[in-house]
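Notes for the structure review
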Amino acid sequence: MQERSKYIFGNPMTNKVYRKAVKSKKKYMKKFGDDTGVNYPVSLQKNTHIGDSLGVVDVLLPQEGQKADGGMEFDKEKGIIVGNIRMGFGHYRISMAIASAAKSMGYTPYWMDLNSYKQTTCTKVISAQNDLYSLGSRLSGKSRLFNKLVWEPMNYEGFRKLSYNASDQKNAELMAAVYGNVPKEIPVVATHVWPAQAAIHSGMKYVVNAIPDNWPMALHLAEGSLHTVQTNYAYQGYRILNGMQGKDVLKPMPEEDLVYTGHYIDHELVANIEADCEARIRRKEKGEPMRFLLTIGGAGAQKEIFAAIIKNLLPAIREKKAALYVNVGDYQNVWKELLSEIPQMQEFAKEHFNDWQATMQFAEEALTGKVEGIHGFYHENIFEAVYCTNLLMRSCDVLVTKPSELAFYPVPKLFIKRVGGHEQWGAVHSAEIGDGTLECRDIPHTLQMTELFIKEQGMLKDMCEAIVKNKAAGIYDGAYKVVELAFARRNGN
């Protein structure tokens, strides 16, 4: 393994920073072991949930000593690894966008979730950090003091520092074993930095690190990979490693290591932008109920904001001026808590629970049919829980979400309060290109914005027209470009 914790793009780390990185790795080794020399067999299996939709094939690691299923083999010409982790829903959703684009271009996306191999040190390390992140997200929504003193500073400045990347690079050495039996010539697109770092440490030759956020942070650096970003703002920040070591002027990232691609969006959404936006405008002009899609992320945070929105919209739902899709993902308890807190929902609520075929049918029929009332969606399986929002997105009029990965999607958006300071820049970018609102940082402003969408024609129409213009400008073509870049690296272009 090449030592990547002492120098980051030519910028030396202090001995103190390096010692801290080494100590971090030793702590995880002591707690979870070191399987660097373990030979994990690999088997392939069509994903039973999104395999048909997105062409996804799962990369599985049987327990050591078990025989790998020999029924499928890697396609070394047309195969592409989509490396990810489940940390909330965002990284899974971006991975689905990459897989969708790859399938549309004739490639086979191989799904590697580094947080799913429970027998490995890699997954144990990731799961421990994921648990802490989920806890922090929930606490930030419940405690203003915790959010102000701990969560916002950590997400905004803590993850921004090169010193944080030094520790991550050292910890990622413990994750490399999962790639051991993956053919090294197959391109890798990682939608979280750890699968990118692990791939580099394991010797994968062609790695693309698809950076998710609009706030440049050293957290997302995986030196040795090609870094892609969704905005020009992020490009400039990463190019000079802006603010990643206080006020120091740092050696920049090499030009060949960084590319602006545009937003990472599913092929199915991009291909239907014009038709879907036209349908939204037509529904608005005809006075049909405005469809709001409320999506609650993997951390289960911000339920109180969604509850306030639902309470406020009940009169409009009763008068058939509004309709709701509520996707609680794989958090059925959130739906039960909403029903308990807002018993008036029962009159309008229809549940779509754990029936993927029925959910797909509803999403398809909603494209041209009528929608009224409140429709709740829950799926125990993580793939269905995440992709449900993508299916419903096409027929909704307004997506109500925090400004995370969904800030980049080509649908009119109402942004509620962020979770972590880095997310605010997603809302800023969206508002500037015209496909979303400002971040509504409290409930009164959130409710004000819902009223504007319902009562006015211009808000929705302007966003739809901006989305169509953005498509023409290539802003939503990022997933295609990431896949192109991955194969270009392999082909020496």
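I will try to describe carefully the structure that is included in this document. Per chain, the residues get numbers from 1 upward, laid out in the order the sequence is written. Residue-level local features of this predicted model are given only where pLDDT is at least 70; pairs of side-chain atoms are given and counted only at 80 or more, and the full residue set underlies all totals for whole chains, interfaces and linings. Water and hydrogen atoms play no part in the side-chain values, which are based on all heavy atoms of the structure.

1. Let's talk about the pattern of salt bridges
A pair can form between side chains of opposite charge whenever their charged atoms are brought close. We count a salt bridge whenever a side-chain nitrogen from Lys or Arg sits within 4 Å of a carboxyl oxygen from Asp or Glu. Per the counting criterion, the structure on display carries 25 salt bridges. The partner of Lys286 in a salt bridge is Glu288, with the nearest N and O atoms 3.5 Å apart. Only protein chains enter the accessibility calculation, which uses a 1.4 Å probe. A residue is then buried if its area is under 20% of the maximum for its type, exposed if over 50%, and partly exposed in between. Using a relative accessible area of 57% as the deciding quantity, one classes Lys286 as exposed. Overall, the relative accessible area of 18% leaves Glu288 in the buried class. The closest approach of N and O atoms between Arg441 and Glu439, which form a salt bridge, is 3.2 Å. Judged by its relative accessible area of 48%, Arg441 falls in the partly exposed class. You can call Glu439 buried: its relative accessible area is 13%. The network of salt bridges with shared partners includes Glu3, Lys25, Lys170 and Glu173.

2. A word on the state of the cysteines
Pairs of cysteine sulfur atoms within 2.5 Å are what we label disulfides. This structure, assessed with the given rule, holds zero disulfides. Free cysteine: Cys440, not disulfide-bonded; nearest cysteine sulfur from Cys396 at 16 Å. The class of Cys440 is buried, set by a relative accessible area of 5%. Cysteine Cys464 remains unbridged, with the sulfur of Cys277 as its closest cysteine sulfur at 4.2 Å. A residue is classified by how much of its surface remains accessible, and Cys464, at 0% relative accessible area, is buried.

3. Some words on the pairing of strand β18 (residues 436-439)
A strand pair is defined by DSSP finding two or more bridges across the two strands. Each helix corresponds to a stretch of at least 4 residues labelled H or I by DSSP, and each strand to a stretch of at least 2 residues labelled E; elements are numbered beginning at the N terminus. With two bridges joining them, strand β17 (residues 413-415) and β18 adopt parallel strand pairing. Across the sheet, residue Lys413 finds its bridge partner in β18, namely Gly436. Each parallel crossover has a hand, and the one from β17 via helix α15 (residues 424-433) to β18 is right-handed. For the handedness criterion, the strands are oriented away from the viewer, and a crossover whose path from the first strand over the helix to the second runs clockwise is classed as right-handed.

4. As for the nonpolar core
Counting 97 residues, the largest nonpolar core has Met96, Phe292, Leu324, Tyr325, Ile374 and Val400 as its most contacted members. A per-element tally of this core places helix α11 (residues 303-318) first, with nine residues. By the convention used here, residues are in contact when the closest approach between their heavy atoms is within 4.5 Å. If near-sequence neighbours (up to four positions away) are discounted, Val400 is found in contact with Phe292, Leu293, Leu294, Thr295, Phe306, Ile309, Leu414 and Ile416. Nonpolar cores were defined as sets of buried Ala, Val, Leu, Ile, Met, Phe, Trp, Tyr and Cys residues, with membership established by side-chain atoms within 4.5 Å. Of all hydrophobic cores here, the second largest spans 42 residues; its members include Val182, Val193, Trp194 and Ile200.

5. Some words on the sheet that holds strand β6 (residues 108-113)
Two modes of strand pairing occur in sheets, parallel and antiparallel, and in both the strands are linked by backbone hydrogen bonds. With mixed pairing, the eight strands of this open sheet are ordered in space as β3-β4-β6-β5-β7-β8-β9-β11. Strands at the two margins of the open sheet, each flanked by one partner only, are β3 (43-46) and β11 (258-260). Averaged over all pairs of adjacent strands, the angle between their axes in this sheet comes to 25°, without regard to strand direction. Sheet topology places strand β5 (residues 79-84) next to strand β7 (residues 188-190); three bridges connect them, and they run parallel. As a rule, the C-alpha atoms of each element are fitted with a line to give its axis, helices using only the stretch in contact, and angles between N-to-C directions run from 0 to 180 degrees.

6. Here's the deal with the packing of helix α16 (residues 443-455) against helix α17 (residues 458-472)
Closest axis-to-axis distance for the α16/α17 pair is 6 Å, and the angle between their directions is 85°. Taken together, α16 and α17 sit at an angle that is classed as roughly perpendicular. Where α16 approaches α17, its residues Met449, Leu452 and Phe453 are matched on the opposing element by Met459, Leu460 and Met463. In the scheme used here, Gly and all other residues not listed as nonpolar or charged are polar, with Ala, Val, Leu, Ile, Met, Phe, Trp, Tyr, Cys and Pro taken as nonpolar and Asp, Glu, Lys and Arg as charged. Residues that form the contact of α16 with α17 fall into these classes: six nonpolar, no polar and no charged. Every angle not falling under 35 degrees, over 145, or within 65 to 115 is termed oblique; those three ranges are roughly parallel, roughly antiparallel and roughly perpendicular.

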